[in-house]
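Summary of structural features
Listed below, chain by chain, are the residues.
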Amino acid sequence: MEEAAGRYDVAVVGAGIAGASVACELAREASVVLIERESQPGYHTTGRSAALFSAIYGPAQIRALSRASLPYFRNPPAGFTATPLLSPRGVLMVARQDQLAPLEAMRREVFARGSVEVMDGAATQRMMPLLREGYAAAAIFEEDASDIDVHALHQGYLRAFRAAGGKLALDGEVVGLDRSAEGWRVSTRHRSFRAGIVVNAAGAWADELAGLAGAGPVGLTPRRRTALTVAVPEGTNPAHWPMVVDIEEKFYLKPESGRLLLSPADETPSPPCDARPDEMDVAVCVDRIETAFDLTVRTIENRWAGLRTFAPDGNPVVGFDPAAAGFFWLAGQGGYGIQTAPAMARLAAALALGRGVPADIADEGVDAGALAPARLERAA
Ligand SMILES: Cc1cc2nc3c(=O)[nH]c(=O)nc-3n(C[C@H](O)[C@H](O)[C@H](O)COP(=O)(O)OP(=O)(O)OC[C@H]3O[C@@H](n4cnc5c(N)ncnc54)[C@H](O)[C@@H]3O)c2cc1C
């Protein structure tokens, strides 16, 4: 039987990093319910990432949001987390002899973006001894790239949300969104909530959720990415190895809690779902990694896949829907939703509460117009 509706200023749908962070920012000055279909927040893409912060990765608006997030990562509010949110890693973008043209193109692109240096093959090999002798002809090194403690970030937001009086409703798949003069009625299978504003933080399902609200899809494409972990070769210590990314993003390898995280950097379009790795992607991954590194993968300890969801122009979708009053988008974070979350959450909370872009975020070059759902052509 359906329980009586609770009344809130804002209902946020989806408790991944996007929903948890914006709910936390909103709860400082509004009554907020955060509604999640699963029993475990972070079960989907947020819990499946490679946990990297790179200030030079992604399109211009993403880089601006990443820069604007750095102060929060380095200095979160008191009591937010007991452990640092960032720790040094470094990223080495390696090129074989036949990839020197893409390396040069990347060098021209990223030199203006942040502090990077170009290394020859010998220096690359010294920095990452697991590379096969002679594999790398050159590399671009981004020293400032960091590991993100995603669990600490996500849990920090959820804890602060609850401490501010926010309500987390788990096991609550939103199946209906109806608007009346009194605002939205948000229905899950067993309960319903009333809210003035609905925030769509439904990740890969964001276009589907918009459909419930009568708002046309903005054309999001979830893209599957596969990851696996393997043991490090005996007698090696990966703690200070950088992450290694192929210059054309055909694979990456990242030290992760005493293991190696490997990916073929696949981007296969997928319907929204509980993504599973495809055996072919796993095989391709192992082949590319064994070609580049002095590593024989005997046992795969863990394998998973997650959906990185992109708008057609690659920018996130943040702002009120032009056609559905009180329906606010926070979607399309692609492969950057963790590293941009602190700034994206503050930006989204400000816009949802009718304010402008916070000054420090605008100063980094974030343009609300480039993120607004109104910029995207709507399907009928
Ligand atoms: C392999 C991989 C590597 C990555 N590496 C990085 C990285 O290094 N750095 C980085 O910044 N980003 C990375 N990303 C991207 C990052 O993980 C995502 O951008 C981010 O997690 C998206 O968060 P989200 O909250 O939008 O989505 P999700 O975490 O998927 O959350 C959406 C939630 O909405 C819920 N939901 C959907 N529909 C409903 C409904 N009807 N009712 C209730 N709840 C609903 C879902 O259950 C889900 O929990 C990576 C992603 C993958 C897959």
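Residues numbered from 1 in each chain as written. Predicted model: local features only at pLDDT ≥ 70, side-chain atom pairs only at ≥ 80, totals over all residues. Heavy atoms only, no water.

1. So, the overall build of the chain
When helices and strands are tallied, the chain shows 10 helices and 20 strands. Radius of gyration (C-alpha) of the chain: 21 Å, near the 21 Å computed for a compact globule of 380 residues. Taken along its principal axes, the extent of the C-alpha atoms in the chain is 70 × 45 × 45 Å. When the 380 residues of the chain are sorted by exposure, 55% land in the buried category. Surface exposure of the chain reaches about 16000 Å², of which carbon and sulfur atoms provide 50%. In the chain, 37 side chains carry a positive charge and 46 a negative one; their mean positions are 3 Å apart. (Helix = DSSP H or I, 4+ residues; strand = E, 2+ residues; numbered from the N terminus. Rg over C-alpha atoms; globule rule 2.2 N^0.38 Å. Buried < 20%, exposed > 50% of the residue type's maximum accessible area, 1.4 Å probe, protein only. Areas by Shrake-Rupley, 256 points an atom, 1.4 Å probe, with all protein chains shown as cover. Lys, Arg positive; Asp, Glu negative; His and termini not counted. Charge placed at Lys NZ, Arg CZ, Asp CG, Glu CD.)

2. Observations regarding the packing of aromatic side chains
Taken as a whole and assessed by the stated rule, the structure comprises 11 aromatic pairs. Arranged with centres 5.6 Å apart and planes meeting at 90 degrees, the rings of Tyr72 and Phe80 form a pair that is edge-to-face. According to the relative accessible area criterion, Tyr72 is buried, its value standing at 12%. Residue Phe80 is classed as buried on the basis of its relative accessible area of 4%. Aromatic pair Phe320 and Phe328: ring centres 5.0 Å apart, planes at 90 degrees, arrangement edge-to-face. Note on Phe328: relative accessible area 1%, which makes it buried. Of note, Arg48 hangs over the ring of Tyr43, and the distance from its end group to the ring centre comes to 5.0 Å. Residue placement shows Arg107 over the ring face of Phe111; its charged tip is 5.3 Å from the ring centre. (Phe/Tyr/Trp six-rings, centres within 6.5 Å; stacked < 30°, edge-to-face > 60°. Lys NZ or Arg CZ within 6 Å of the ring centre and 35° of its normal.)

3. Notes on the site of the ligand
Near the ligand you find 36 residues, and of these Glu36, Thr46, Leu52, Val174 and Gln339 are the closest. The backbone of Ala51 places a nitrogen or oxygen atom 3.3 Å from an oxygen atom of the ligand. The contact in question runs from a nitrogen atom of the ligand to an N or O atom on the backbone of Val174, over 2.9 Å. Every element with two or more residues in the shell around the ligand is listed here: α1 (17-27) and β18 (302-310). Here the shell around the ligand spans two domains, and each of domain 1 (6-70 + 150-219 + 313-375) and domain 2 (91-143 + 221-310) adds at least three residues to it. (Near = heavy atom within 4 Å. Polar contact = N/O pair within 3.5 Å; in protein donor to acceptor, adjacent residues only side chain to side chain. Domains from an automatic or database assignment.)

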